Each structure stands twice: as C-alpha cells, then as structure tokens.
Amino acid sequence: MKIHESTHQGSEQWDEWRAVRATASEFGKIFTGGGKISSQRESYMRAKAIARKYKLPTWSGNAATDRGHELEPLSRDLFMELSGLDVREVACIEHDNGLCGGSPDGIIHHNGIDLSGWETKSFNYDRHMKIIEKRELPVENKPQVHGMLWLTGFQTWQYMVYNPDAMPFDHLVLQVQPDQYTQDLGGEVLAFCEELDRRAEEFIEDFEKMMSGVAMREAMPELYAQIEAMNGEGLI
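Residues numbered from 1 in each chain as written. Predicted model: local features only at pLDDT ≥ 70, side-chain atom pairs only at ≥ 80, totals over all residues. Heavy atoms only, no water.

Chemist: When you look at the overall build of the protein chain in this model, what are you seeing that I'm missing?
Modeler: Secondary structure assignment for the protein chain yields eight helices and nine strands. Of all 236 residues assigned to the protein chain, the portion counted as buried reaches 43%. Put simply, of all contacts in the protein chain between residues at least 6 apart along the chain, 65% involve residues at least 24 apart. Of the roughly 13,300 Å² that the protein chain leaves accessible, carbon and sulfur atoms contribute 51%. Each charge class in the protein chain was averaged separately, 24 positive and 39 negative side chains, and the resulting centres sit 3 Å apart. (Helix = DSSP H or I, 4+ residues; strand = E, 2+ residues; numbered from the N terminus. Buried < 20%, exposed > 50% of the residue type's maximum accessible area, 1.4 Å probe, protein only. Contact = heavy atoms within 4.5 Å. Areas by Shrake-Rupley, 256 points an atom, 1.4 Å probe, with all protein chains shown as cover. Lys, Arg positive; Asp, Glu negative; His and termini not counted. Charge placed at Lys NZ, Arg CZ, Asp CG, Glu CD.)

Chemist: Got a minute to help me understand the packing of aromatic side chains in this structure?
Modeler: A ring pair, where both rings are aromatic, is described by two values, the distance of the centres and the angle of the planes. In the structure shown here, the tally under the stated rule is six aromatic pairs. Look at phenylalanine 79 and tryptophan 118: their rings are 5.9 Å apart centre to centre, the planes differ by 40°, and that puts the pair in the tilted class. A residue pair is termed long-range when its members are at least 10 positions apart, and phenylalanine 79 in helix 3 (residues 63-83) and tryptophan 118 in strand 7 (residues 113-121) qualify at 39 residues. The same class applies to phenylalanine 79 as to tryptophan 118, namely buried. Ring plane angle 25° and centroid distance 6.0 Å describe the contact between phenylalanine 154 and tryptophan 157, whose orientation is recorded as stacked. No difference in accessibility class separates phenylalanine 154 from tryptophan 157, as the two residues are buried. The cationic tip of arginine 127 hangs over the ring face of phenylalanine 123; the distance from NZ or CZ to the ring centre is 5.5 Å. (Phe/Tyr/Trp six-rings, centres within 6.5 Å; stacked < 30°, edge-to-face > 60°. Lys NZ or Arg CZ within 6 Å of the ring centre and 35° of its normal.)

Chemist: Explain unusual backbone geometry here, please?
Modeler: Note on backbone geometry: most residues besides glycine have negative phi, and most peptide bonds are trans. A cis amide bond links methionine 167 to the next residue, proline 168, at an omega of 5°. Its location among the elements puts proline 168 in the loop between strand 8 (157-162) and strand 9 (171-176). One non-glycine residue, asparagine 111, lies in positive phi territory at about 55°. Tracing the sequence through the fold places asparagine 111 in the loop between strand 6 (106-110) and strand 7. Classification of asparagine 111 by relative accessible area gives exposed; the value is 68%. In this structure, arginine 135 is a non-glycine residue whose phi angle is positive, near 55°. Position of arginine 135 among the secondary structure elements: in the loop between helix 4 (125-134) and helix 5 (142-152). Owing to a relative accessible area of 53%, arginine 135 belongs among the exposed residues under this scheme.

Chemist: How do you make sense of helix 4 when you look at a structure like this?
Modeler: Turning to helix 4, its buried residues number three or more, namely His128, Met129, Ile131 and Ile132. Buried residues in helix 4, looked at end-on, bunch into an arc of 160°, giving them a common side. Relative to its buried face, helix 4 has exposed residues pointing more than 90 degrees away, namely Asp126, Lys130, Glu133 and Lys134. The secondary structure elements touched by the buried residues of helix 4 are strand 8 and strand 9. (Arc of directions from axis to C-beta.)

Chemist: It is not clear to me how the nonpolar core should be interpreted in this structure. Could you clarify?
Modeler: The tendency in soluble globular proteins is for nonpolar side chains to be buried side by side. Ranked by size, the top nonpolar core spans 35 residues in total, and within it Phe27 and Tyr159 carry the most contacts. The element best represented in this core is helix 6 (residues 180-212), accounting for eight residues. Once you skip the residues sitting within four places of it in the chain, phenylalanine 27 turns out to touch Ala22, Cys100, Gly101, Pro143, Gly147, Trp150, Leu151, Leu185 and Val189. Listed in part, the eight residues of the second largest apolar core include Leu78, Val87, Trp118 and Met160. (Core = buried A, V, L, I, M, F, W, Y, C linked by side-chain atoms within 4.5 Å.)

Chemist: How do you make sense of the sheet that holds strand 7 when you look at a structure like this?
Modeler: Neighbouring strands of a sheet are bound in pairs by backbone hydrogen bonds; such pairs are parallel or else antiparallel. Spatial ordering of the open sheet is given by 3-6-7-8-9, a layout of five strands whose pairing is mixed. The sheet is open, and its two edges are formed by strand 3 (86-88) and strand 9, each paired on a single side. The sheet shows a mean angle of 30° between the axes of neighbouring strands, taken without regard to direction. When strand 6 meets strand 7, the two strands line up antiparallel, connected through five bridges. Paired with histidine 109 across the strands is aspartate 114, a residue of strand 7. The strands touched by helix 3 are strand 3, strand 6, strand 7, strand 8 and strand 9; relative to strand 8, the strand with the most contacts, the crossing angle is about 120°. (Pairing = 2+ DSSP bridges. Axes fitted to C-alpha atoms, helices over the stretch in contact; angles between N-to-C directions.)

Chemist: Please explain the sheet that holds strand 4 (residues 92-94) as it appears in this structure.
Modeler: Here we have four strands laid out as an open sheet, ordered 1-4-5-2, and mixed in their pairing. Because the sheet does not close on itself, it has two edges, and the strands there are strand 1 (2-4) and strand 2 (22-23). Here two bridges tie strand 2 to strand 5 (residues 100-102), and the two strands are oriented parallel to one another. Its bridge partner being in strand 5, threonine 23 is matched across the sheet by glycine 101.

Okay, structure coming up:
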C-alpha cells in the first residue's frame, strides 16, 4: 500500500485521486455490508471509467456530512485523550494496483510505526443511541471499515461514534478485526478493478456516443424513421 500525505482530504488533488478509483467509503456499491454483489456495481464502474477522460461533478455533501466534518476533530481529540494513543491524519491510502484506495479518518501509530486505523461517525441522536445499545458495527459502514482493514493489512480498526448531544453516552468505540467478510470484500474489489480496467474504453465510447446524440437516435428508431421518411433526410 501507499500512503499519500502530500495533500489533504477535500482538496482538488484529493478529489481527482478519488474520481478514478474505487474508494473504501463507496465499496458498498461493489459489495454490500450484507455480503452480496451491489446493484450499483455497474453504474459505479461506469462512472469511474468515464472519469478517466472527463471531469464529472462531485458530490458536495449534505447537512449530515457537514456535521460529521465539524465534529471529527473533536471526536479525534476525545479518542486520543481517553485512549492515550496518537492518531495522525493522512490524505489517502492507495492499493498497490493503483485502482482503489481509501481515506481514513486517522492512522494510529506508536513509536513511528502504523498499527491500526480510526474511523468516526457522528449520527443524529436516535441513530447514535441505537448503535450505543446494540454495540455493533452498522451494516452500512461495514464495507468501508473492512475495506480499510483489507487495504492496510492492519489487525484492527477502531470504529467510533460520537455525538456531544448524547451525554453521558456521547461516544462508543468498537474494535473491528478482519474476518471472512474482509477477504470476500477484497476479492470483489479486485475483481471490480480488473473489470474496470478491461471495460473502461467501452464505457467511455458509450458515454461519448450518448453525448453526441447518437444514443437518442438509437433509443427512438421508429420515430426517427418516420421523420426521415417525411423529410427525406436525417435529423442528425
């Protein structure tokens, strides 16, 4: 794996890096937390392929993600204070194949050696309390956390939920370890990357065809044939 530290999360360079790679926060679009191939796999692959040649719009987030970004530094500070561990920020971690990676909230290190990872989520009060009660990694976050375990090869990943409005139950830390799901997810991500590389030109050609208007003509052949018969010539 390769750890990128020359830029930062949220920068234009980071956005460009993510645009063409399968990333841990979106591994659920490849392999769900329930252990099934995602219905979004094909469309996700198409977007990653097209982004190799064209700059596509990026998701700017919503109120929930904005709140998460605001609370992340507070969550990190609380974790370090209570655990006595040091968490460093990095931009992203890239797989050796260069086609996938992830952007962890932090890397836990000791004496200069990276030992584990740290992920934090700040949900609304009701969702937060349900996790506090169940003390289980939410299914929707499973691909991301196990994806980071697979990418890094770490023996553990620390998953933390934090909501300062839920005192005295404002935080919970769950230690996640790799298991069969981790291996299955990694295999599916690698298969996705290989197929993406193989089909990228196909997706780009389809996209260019659609943008040129040819796809519209093929989608409505009878109508265009009728108009051509009336006009004696093609529309496009």
